[in-house]
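Analysis of the macromolecular model
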Amino acid sequence: MLELKNINKYYNSGTVNEMCLFNNFNLTIKDHEFVSVIGSNGSGKTSLLNIICGSIATDSGNLIMQGSDITGEKEFRRYRKIGRVYQNPAMGTCPSMTILENMSLADNKGKPYNLGSGTNRKRAEFYRESLRQLNLGLEDKMNVKVGSLSGGQRQAMALLMSTMTPIEFLILDEHTAALDPKTAETIMELTDQIVKEKKLTTIMVTHNLRYALEYGNRLLMMHQGEAVLDKSAAEKAEMSIDDLLGVFNQISIECGN
Amino acid sequence: MSILLGVLEQGIIYAIMALGIYITYKILDFPDLTADGSFPLGAAVTAAVMVKGVNPYLALVIAFAAGVLSGIVTGIIHVKLKVRDLLSGIIVMTGLYSVNLRIAGKSNVPIFNMETIFDNAGLNNVLPESVASYQTLFVVVAVALASKFALDAYLKTKSGYLLRAVGDNSVIVTTLAKDSGFVKILGLAIANGLIALSGSVMCQQQRFFEISMGTGTMVIGLASVIIGTNLFKNFSKVRATTAVIIGAVIYKGCVAAAIKFGLSATDMKLVTAVLFLIILVLSRGRVKKVKNNA
């Protein structure tokens with residue numbers, strides 16, 4: 001369970017450009033929930049993810065992960081339980097290292113990075129098998145540098161790498177946005193499969209309304225730092241993309257856009 | 001022949017330093033000017049302890065440790081105090097000038113008539129008289145190869161993987177639940193350890209410490225790394241560390257050639273700088289060409 005309690009976040013505080021993003025924001029995400037988050041630009045979706053992961057600090061409020069307060073915990077420590085995939089495929093892999101080295105690096109998460117051999121040859125077959133599921137032919141390119149792969153291939157690897165070790169939360173930050181429609185579809189299906197297999201509590205920010213409806217069991221729409229729409233799995237199943245667009249437009253009209 | 005020998009000796013001593021620059025410049029993507037201070041630091045420490053009668057081999061270890069410390073200081077200034085990478089190095093380099101003077105006691109410390117790693121009773125017994133003129137070369141090659149193989153082995157460990165990852169994409173180190181700042185400090189420590197080790201070998205080979213011997217270290221190291229890695233770009237069989245060592249020898253050869261053809265030894269630093277500029281421009285031209293063809 002992940003709880004955000006009375007979160008306040010201001011940007012440029014103390015200047016004339018001060019902007020309040022979150023004002024007493026509260027959100028509770030239960031275990032094994034797969035939350036799709038949609039909303040216009042600047043609505044606070046990515047800030048929400050960054051606050052959860054500790055990439056940005058809050059001004060006040062508490063963040064409680066499985067009963068323990070992690071508000072002051074450093075970003076890198078939080079990732080012990082969190083896996084994250086970014087919008088930019090380059091963020092999830094190391095371009096100058098080979099596929100095998102990247103997989104080995106990710107496989108060691110949670111264990112000490114000591115003077116033991118970087119690649120465990122016995123695990124190579126397991127990596128190959130995981131890569132084979134992607135159907136991208138990566139299993140035959142184990143010694144190819146990741147920098148020479150396409151964005152879709154890298155993103156598939158990033159997803160695989162971030163979920164390789166036992167984690168409890170998966171943070172997806174528009175992870176299909178930079179991909180072509182077909183690759184995006186593949187990555188999305190793979191995401192759903194991994195989330196179900198590993199029973200991960202997932203928060204997915206997306207601009208694709210169809211993905212938001214089709215995948216996950218909860219839907220949030222963010223607007224000006226608030227969750228203006230919060231639909232459960234059952235309610236979500238009855239909504240159509242047009243309904244969602246309707247709400248979107250309504251909000252935009254209110255803002256005068 | 002003696003010129004060639006000199007080039008090889010000096011080139012390979014600088015190659016040890018270039019391995020350190022390879023870590024900061026190529027792996028960490030950190031322009032580390034600490035080098036100009038940590039190279040003479042290694043020499044100063046060596047001169048200081050050898051004057052006190054410390055074993056020359058032990059002096060290498062002490063110099064390495066001193067270099068590690070200087071790297072840690074640069075790392076902490078950059079990571080914890082959030083000073084820009086280039087400035088962190090400049091701060092430590094500047095400070096080290098005084099520290100080096102303190103350690104050595106004065107700006108020029110000779111260590112003539114002392115046993116060094118090149119010339120000591122043990123080594124002289126082992127190596128036959130006939131190869132005496134190559135003795136220095138043997139020793140520098142041994143130190144350089146030991147450094148190279150140790151670095152190669154390290155880069156294949158889990159810790160080494162993390163070091164390579166942090167320069168490539170520090171975000172991934174964070175998402176692997178590791179402190180990317182700590183990894184950077186570690187990299188700077190190892191790099192400056194090697195640079196100071198090189199300074200120690202240089203001090204023992206020249207048999208004196210001189211305060212200005214570090215000026216231009218960074219440039220020589222960068223030039224070696226760029227020559228080496230560009231030259232062997234298309235030979236994936238040649239390890240980058242090997243390429244860097246060869247690059248250092250080639251670079252030293254170019255400088256020696258320039259001086260042989262009429263320039264005086266006082267022009268050394270100018271030659272160093274101009275050669276570096278030529279190398280930078282040439283290696284960039286190559287990149288452009290590739291892009292235009294693509």
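What you see is a predicted model; the values in this text were computed from it and never measured.

Along the backbone of chain A there are 9 helices and 10 strands. A compact globule built from 257 residues would reach a C-alpha radius of gyration of about 18 Å, and chain A, at 19 Å, matches this within 12%. Put simply, chain A has 257 residues, and 51% of those count as buried. If you sum the accessible surface of chain A, you get close to 11900 Å²; carbon and sulfur atoms cover 48% of it. The average position of the 28 basic charges and that of the 30 acidic charges among the side chains of chain A differ by 9 Å.

Now for the interface of chain A and chain B. Counting residues at the interface gives 31 residues for chain A, matched by 19 residues for chain B. Note on chain A versus chain B: buried area summed over both sides is about 2100 Å², and carbon and sulfur give 66% of it. On the chain A side of the contact with chain B, Phe 76, Leu 105 and Tyr 113 of chain A bury the most area, a combined 27% of that side's loss. For the interface between chain A and chain B, the tally reads 1 salt bridge. Of the charged contacts, one joins Arg 164 of chain B and Glu 101 of chain A as a salt bridge, the two residues approaching to 2.9 Å between their closest N and O atoms. Counting across the chain A and chain B interface gives 11 residue pairs in polar contact (both at pLDDT 80 or more). Taken together, the elements giving at least two residues each to the side of chain A that touches chain B come down to α2 (75–78), β6 (82–85) and α3 (99–107) of chain A. The leading source of residues in the side of chain A that touches chain B is α3 of chain A, at 4 residues.

All names here are of chain A. Where strand β1 (residues 2–11) and strand β2 (residues 19–29) come together, 7 bridges link them in antiparallel fashion. Bridge pairing in β2 links Tyr 11 to Met 19. In this sheet, strand β4 (residues 60–65) lies alongside β1 in antiparallel orientation, the contact comprising 5 bridges. Its bridge partner being in β4, Leu 4 is matched across the sheet by Leu 63.

Residues Lys 74, Arg 77, Arg 80 and Lys 81 of chain A together with Lys 80 and Lys 82 of chain B make up a contiguous surface patch of positive charge. Take Arg 77 of chain A: it is sitting in helix α2.

Our next topic: the UniProt feature "transmembrane region" (unreviewed entry) in chain B. All names here are of chain B. Taken from the UniProt record, the annotation "transmembrane region" (unreviewed entry) applies to residues 12–28, 57–79, 86–105, 132–151, 182–202, 208–232, 244–263 and 269–287. This span, residues 57–79, is 100% helix and 0% strand, and a straight line between its end C-alpha atoms measures 33 Å. Secondary structure across residues 208–232 comprises 60% helix and 12% strand; the distance between its end C-alpha atoms is 35 Å.

Tracing the backbone shows Asn 100 of chain B in helix α4 (residues 85–104). The residues touching Asn 100 of chain B, leaving out its near neighbours within four places in the chain, are Gly 37, Pro 40, Leu 41, Ala 44, Phe 209 and Ile 211 of chain B.

Looking now at the environment of Thr 176 of chain A. Residue and element names in this part refer to chain A. Following the sequence through the fold, Thr 176 ends up in the loop between β7 (169–173) and α6 (181–198). Overall, Thr 176 belongs to the buried group, its relative accessible area being 9%. Distance from Thr 176 to Thr 206, taken between C-alpha atoms, is 7.8 Å for residues 30 residues apart in sequence. Not counting chain neighbours up to four residues away, the residues in contact with Thr 176 comprise Ala 184, Ile 187, Met 188 and Tyr 211.

Next up on the list: the side chain of Ser 147 of chain B. In this fold, Ser 147 of chain B is placed in helix α6 (residues 135–155). In this structure Ser 147 of chain B touches Ile 16, Leu 19, Leu 194 and Leu 197 of chain B, once residues within four positions along its chain are discounted.

Before going further, it helps to spend a moment on the UniProt feature "domain: ABC transporter" (unreviewed entry) in chain A. When the UniProt feature table is mapped onto this chain numbering, "domain: ABC transporter" (unreviewed entry) sits at residues 2–249 of chain A. End-to-end, the C-alpha atoms of residues 2–249 of chain A are 30 Å apart, and along that stretch the chain is 33% helix and 25% strand.

Moving on: empty space enclosed by the protein. Per the stated rule, a full pass over the model turns up 1 cavity of 30 Å³ or more. The volume enclosed by the largest cavity comes to roughly 120 Å³. In terms of lining, the largest cavity is formed by 13 residues, of which the most central are Arg 84, Met 161 and Ser 162 of chain A together with Ile 172 and Thr 175 of chain B. Secondary structure elements with two or more residues in the lining of the largest cavity: β6 and α5 (151–162) of chain A together with α8 (170–175) of chain B.

Residue and element names in this part refer to chain B. Here helix α11 (residues 240–260) contains 21 residues, and its C-alpha end-to-end distance of 30 Å stays within 8% of the 30 Å for a straight helix at 1.5 Å per residue. Regarding α11, the residues found buried are Thr 241, Ala 243, Val 244, Ile 245, Gly 247, Ala 248, Val 249, Tyr 251, Lys 252 and Val 255. Looking at the residues trailing α11, positive phi occurs at Gly 262, about 105 degrees.

Residue and element names in this part refer to chain A. One open sheet holds the 6 strands; their spatial order is β6-β7-β8-β3-β9-β10, and the pairing between them is mixed. Because the sheet does not close on itself, it has two edges, and the strands there are β6 and β10 (226–232). Shown here is a sheet whose adjacent strand axes are inclined to one another by a mean of 15 degrees, direction ignored. Sheet topology places strand β9 (residues 218–223) next to β10; 6 bridges connect them, and they run antiparallel. Note that in β10 the partner of Leu 220 across the bridge is Asp 230. Against the sheet, helix α1 (residues 45–53) touches β3 (34–39), β6, β7, β8 (201–205) and β9, its axis set at about 145 degrees to β7. The strands touched by α6 are β3, β7 and β8; relative to β3, the strand with the most contacts, the crossing angle is about 145 degrees.

Strand pairing in a sheet relies on backbone hydrogen bonds, with the paired strands running either antiparallel or parallel. All names here are of chain A. On the basis of which strands lie adjacent, the open sheet formed by 4 strands has the order β2-β1-β4-β5 and antiparallel pairing. Here the strands that pair on one side only, and so sit at the sheet edges, are β2 and β5 (68–69). Across the sheet, α1 touches β1, β2 and β4, and the angle it forms with β1 is around 115 degrees.

Definitions and limits used
Residues numbered from 1 in each chain as written. Chains lettered and ligands numbered in written order. Predicted model: local features only at pLDDT ≥ 70, side-chain atom pairs only at ≥ 80, totals over all residues. Heavy atoms only, no water. Helix = DSSP H or I, 4+ residues; strand = E, 2+ residues; numbered from the N terminus. Rg over C-alpha atoms; globule rule 2.2 N^0.38 Å. Buried < 20%, exposed > 50% of the residue type's maximum accessible area, 1.4 Å probe, protein only. Areas by Shrake-Rupley, 256 points an atom, 1.4 Å probe, with all protein chains shown as cover. Lys, Arg positive; Asp, Glu negative; His and termini not counted. Charge placed at Lys NZ, Arg CZ, Asp CG, Glu CD. Contact = heavy atoms within 4.5 Å. Buried area = accessible area lost by both parts, 1.4 Å probe. Salt bridge = Lys/Arg side-chain N within 4 Å of Asp/Glu carboxyl O. Polar contact = N/O pair within 3.5 Å; in protein donor to acceptor, adjacent residues only side chain to side chain. Pairing = 2+ DSSP bridges. Patch = residues over 30% accessible without salt bridge, like charges linked within 9 Å, V, L, I, M, F, W, Y side chains within 5 Å. UniProt positions renumbered as here; feature names shortened; annotations may be inferred. 1 Å grid on protein atoms, 1.4 Å probe; cavity = no way out; pocket = protein on both sides within 12 Å on 5 of 7 lines; lining within 4 Å. Points joined across faces, edges and corners; volume = space filled by probe spheres on them. Expected span 1.5 Å × (residues − 1). Axes fitted to C-alpha atoms, helices over the stretch in contact; angles between N-to-C directions.

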